[in-house]
Structure formats: C-alpha cells, structure tokens
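Structural features, examined
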Amino acid sequence: MACAFSCRNLFLTTAKRPPVRWLPVTRGCKLMNDSLDHATGIEKRELLAHQAGDHDPFNLEVLKKGPGTKDNPNIVFSAFEYRLIGCICDEDSITVQYMPMRQGELKRCECGHWFKMIHKAPV
C-alpha cells in the first residue's frame, strides 16, 4: 500500500513540472567560440592544416602502390629519420609485410616493389 502511494505521488509531482526548454548558449551578442580558438598545440596545427587543404597532415592514409621500380619507387613521406612501413603484397592477402626504412634509403619488398622515404616537415 505504501509503495502504491509513493509511486502515485512521484508520478503526480513529475507530471506537474513544466517542460525543459533548450536555448542556444548566448549571452548578449556573444556565441560560442570556434573550435580553432580553443585548440592549442598539435591539435591547433592539425586544424590549421585541414583549413589549408591538407586532409592527411600525419600521413596515416593508405597509399596506392605506383609503378614501384628502382628508377621510379613508391614515395613514403616521414618527418622522422626512421619509419616502419607496411606493404600488402597481394590484393587478396590477409597479412601485411612490414619493413623498417630510413631517410633517402631505397628498400625492396618481397613482392618486388621499391620504396623510398623522403623527409616532410612535421605538422
């Protein structure tokens, strides 16, 4: 009996409340600042790179293999002297062949494609 009474009181008190209104966050003429104004450090440099048109500032996207000959190798960019790169030798392969690379060094994968790492300024 006490449970039914307390549940009924709870329902009646919550039903009488006015609905919540959501208003935009404004104070006078000010609105929320742009995310670029709040960002600092590497996050800000990443946002500035996106605005400049570089949508992969950290070179993390998968690159399609080009001709991959010794005279015309696949170019890999890096801001560091050493980088680990991966090559998917066959389209149907479920494994990745990883190779360590150094700046300016030509490296040949087991599938026969050549790679060369070139310096790119850090973000």
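Reading the values: the criteria
- Residues numbered from 1 in each chain as written.
- Predicted model: local features only at pLDDT ≥ 70, side-chain atom pairs only at ≥ 80, totals over all residues.
- Heavy atoms only, no water.
- Helix = DSSP H or I, 4+ residues; strand = E, 2+ residues; numbered from the N terminus.
- Buried < 20%, exposed > 50% of the residue type's maximum accessible area, 1.4 Å probe, protein only.
- Contact = heavy atoms within 4.5 Å.
- Areas by Shrake-Rupley, 256 points an atom, 1.4 Å probe, with all protein chains shown as cover.
- Patch = residues over 30% accessible without salt bridge, like charges linked within 9 Å, V, L, I, M, F, W, Y side chains within 5 Å.
- Salt bridge = Lys/Arg side-chain N within 4 Å of Asp/Glu carboxyl O.
- Pairing = 2+ DSSP bridges.
- Axes fitted to C-alpha atoms, helices over the stretch in contact; angles between N-to-C directions.
- Core = buried A, V, L, I, M, F, W, Y, C linked by side-chain atoms within 4.5 Å.
- pLDDT = per-residue confidence, 0-100.
- Polar contact = N/O pair within 3.5 Å; in protein donor to acceptor, adjacent residues only side chain to side chain.

1. Some details on the overall build of the protein
For the protein, the helix and strand inventory stands at three helices and five strands. Evaluated residue by residue, the protein yields a buried proportion of 15% over its 123 residues. By sequence separation, contacts in the protein at least 24 residues apart represent 39% of the contacts at least 6 residues apart. Carbon and sulfur atoms make up 59% of the accessible area of the protein, which totals about 10500 Å².

2. Focus on a nonpolar patch on the surface
A contiguous nonpolar patch, built from Tyr 82, Leu 84, Ile 88, Val 96 and Tyr 98 and spanning about 520 Å² of accessible area, is present on the exposed surface. On the secondary structure map, Leu 84 appears in strand E2 (residues 82–87). Among the residues examined, Leu 84 registers a relative accessible area of 52% and is labelled exposed.

3. Some words on the sheet that holds strand E5 (residues 114–119)
Taken together, three strands build an open sheet; the order of strands is E1-E5-E4 and the sheet is mixed. For this open sheet the edge positions go to strand E1 (74–78) and strand E4 (106–108), each flanked by a neighbour on one side alone. Across the sheet, the mean angle separating the axes of adjacent strands is 30° when strand polarity is ignored. Sheet topology note: the E4/E5 ladder contains three bridges and is antiparallel. Of the residues in E5, the one forming a bridge with Arg 108 is Trp 114.

4. Overview of the nonpolar core
Grouped together as the largest cluster of nonpolar side chains are eight residues: Val 76, Ile 85, Cys 87, Met 99, Met 101, Cys 109, Phe 115 and Met 117. For this core, the secondary structure elements donating two or more residues are E2, strand E3 (97–102) and E5. In contact with Met 101, not counting residues within four places along its chain, are Glu 81, Tyr 82, Arg 83, Ile 85, Lys 107, Phe 115, Lys 116 and Met 117.

5. Description of the pattern of salt bridges
This structure, assessed with the given rule, holds one salt bridge. Between Asp 54 and Lys 120 there is a salt bridge, and its shortest N-O distance comes to 3.7 Å. Taken together, the residues Asp 54 in the loop between helix H3 (41–52) and E1 and Lys 120 in the segment after E5 connect sequence positions 66 residues apart. Using a relative accessible area of 29% as the deciding quantity, one classes Asp 54 as partly exposed. According to the relative accessible area criterion, Lys 120 is partly exposed, its value standing at 24%.

6. So, the confidence of the model for the protein
In this model, the protein carries a mean pLDDT of 81, and residues with pLDDT of at least 70 account for 75%. Per-element confidence in the protein ranges from a low mean pLDDT of 54 for helix H1 (residues 2–15) to a high of 94 for E3.

7. A few points about the side chain of Ser 78
One can find Ser 78 in strand E1. In this structure the side chain of Ser 78 is engaged in a polar contact, spanning 3.1 Å, whose partner is the backbone nitrogen of Phe 80. If we skip the residues at most four places from it in the chain, Ser 78 touches Arg 83, Gln 103, Met 117, Ile 118, His 119 and Lys 120.

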